[in-house]
Amino acid sequence: MSTHASDPLAALGSLPGVAEAVDSVRKAVDRVYGHRVMRRRSNEISSEAALRGARGSAALSGADWALEEVRRRTDFSADAEARTVGAALRLGAEAGQLLSIWRQSPLRVLARLHLVAAGDAGVPGAAGVADSVGRPRLDGEPVDEPLIDAPLPTPAEVAGRLDGLAELIVAGSEAPALVTAAVVHGELLALRPFTSYNGLVARAAERIALVGSGLDPKAICPAEVGHAEQGRAAYLAAFEGYLSGTPEGVGAWIAHCGRSVELGVRESTAVCEALQRGAA
């Protein structure tokens, strides 16, 4: 059995409010998985969750489009907001393809997520930015992250903390899935390891951690929906708690992420109900 020294994530399960959040999330997830529609149409629920999760993540990054506009549009290159929505959609589609790699090589997954988010900007010769795509930023490279204005760690600190995070993921943990996913999300927001799309990548990595853990194996509980629904101010306030490193602050961030999962569950439950009514 692992100890807290060898499994530092496990210690976070005893922080204020975390056990209650973990229990509440588990019950909510179990309820939606037990919905009768899930037995017959889970693929449709998963697809809709990916779409709605992408919309929520893009909204937090400054592109707050209506769901039907996201569903309708086919061109996501017209302006910065469109590119953000397109990046979020690509990440939602890619996340499920990376589950088998996550536990073996999380840094490879993060690099792939950034490459996917960057889209055409990651093509050699595209506006001269391709060389910064899919790798941690270097000294002097600017970071375009509209939501987070906390001080940027140095590239050396980023490299060290990314390696530490990867080691924790590869080693595995007895910590609840919510705890691990919240730490992945919080660390990536804190580090902003790439020159762009860090928020989108952080939320996509949170989703991979939740799905890959077995908590949400069909990817029907989009936490991004809940993060957006709680609003930017609440998101930033909870993130400040994570940055503080205090037991109360980190616990509040994990609980905030848990509430986001529960709101994602509520969204997918509503989709299940709508499909059930349509089938009746």
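Throughout what follows, the structure given in this document is the object of discussion. (Residues numbered from 1 in each chain as written. Predicted model: local features only at pLDDT ≥ 70, side-chain atom pairs only at ≥ 80, totals over all residues. Heavy atoms only, no water.)

## Things to note about the packing of helix α9 (residues 177-191) against helix α10 (residues 198-212)
Viewed as axis vectors pointing N to C, α9 and α10 meet at an angle of 165°, and their least axial separation amounts to 8 Å. Classified by the angle between their axes, α9 and α10 sit roughly antiparallel to one another. Considering only the axes of α9 and α10, their crossing is right-handed. Here α9 contributes A177, L178, A181, V184, H185, L188 and L189 to the contact with α10, which in turn contributes G199, V201, A202, R203, A205, E206, A209 and L210. Broken down by class, the residue content of the contact of α9 with α10 amounts to 11 nonpolar, two polar and two charged. (Axes fitted to C-alpha atoms, helices over the stretch in contact; angles between N-to-C directions. Helix = DSSP H or I, 4+ residues; strand = E, 2+ residues; numbered from the N terminus. Parallel < 35°, antiparallel > 145°, perpendicular 65-115°, else oblique. Left-handed = near helix turned anticlockwise from the far one by under 90°. Contact = heavy atoms within 4.5 Å. Nonpolar A, V, L, I, M, F, W, Y, C, P; charged D, E, K, R; others polar.)

## Some details on the nonpolar core
Counting residues in hydrophobic clusters, the biggest one holds 81 residues, and the most contacted among them are W102, L110, L113 and W253. Excluding residues that lie within four positions of it along the chain, W102 makes contacts with V109, L110, I169, V184, A205, I208 and A209. (Core = buried A, V, L, I, M, F, W, Y, C linked by side-chain atoms within 4.5 Å. Buried < 20%, exposed > 50% of the residue type's maximum accessible area, 1.4 Å probe, protein only.)

## Looking at the packing of aromatic side chains
Enumeration over the complete set of coordinates arrives at four aromatic pairs. Aromatic side chains F239 and W253 sit 6.0 Å apart centroid to centroid with 65° between the ring planes, which places their arrangement in the edge-to-face category. Note that F239 is positioned in helix α12 (residues 232-244) and W253 in helix α13 (residues 247-279), a separation of 14 residues in sequence. The class for W253 is buried, based on a relative accessible area of 0%. Each residue in the set Y235, F239, Y242 and W253 is aromatic and connected to the rest through ring pairs, giving one cluster. (Phe/Tyr/Trp six-rings, centres within 6.5 Å; stacked < 30°, edge-to-face > 60°.)

## Details of helix α8 (residues 155-171)
Between the first and last C-alpha of α8 there are 24 Å, a value that for 17 residues agrees with the 24 Å anticipated at 1.5 Å per step. Regarding α8, the residues found buried are P155, V158, L162, L165, A166 and I169. Taken end-on, α8 shows its buried residues confined to a sector of 100°, consistent with a single buried face. In α8, the exposed positions that point more than 90 degrees away from the buried face belong to A156, E167 and A171. One or two residues past the end of α8 sits G172, with phi positive at roughly 85°. (Expected span 1.5 Å × (residues − 1). Arc of directions from axis to C-beta.)

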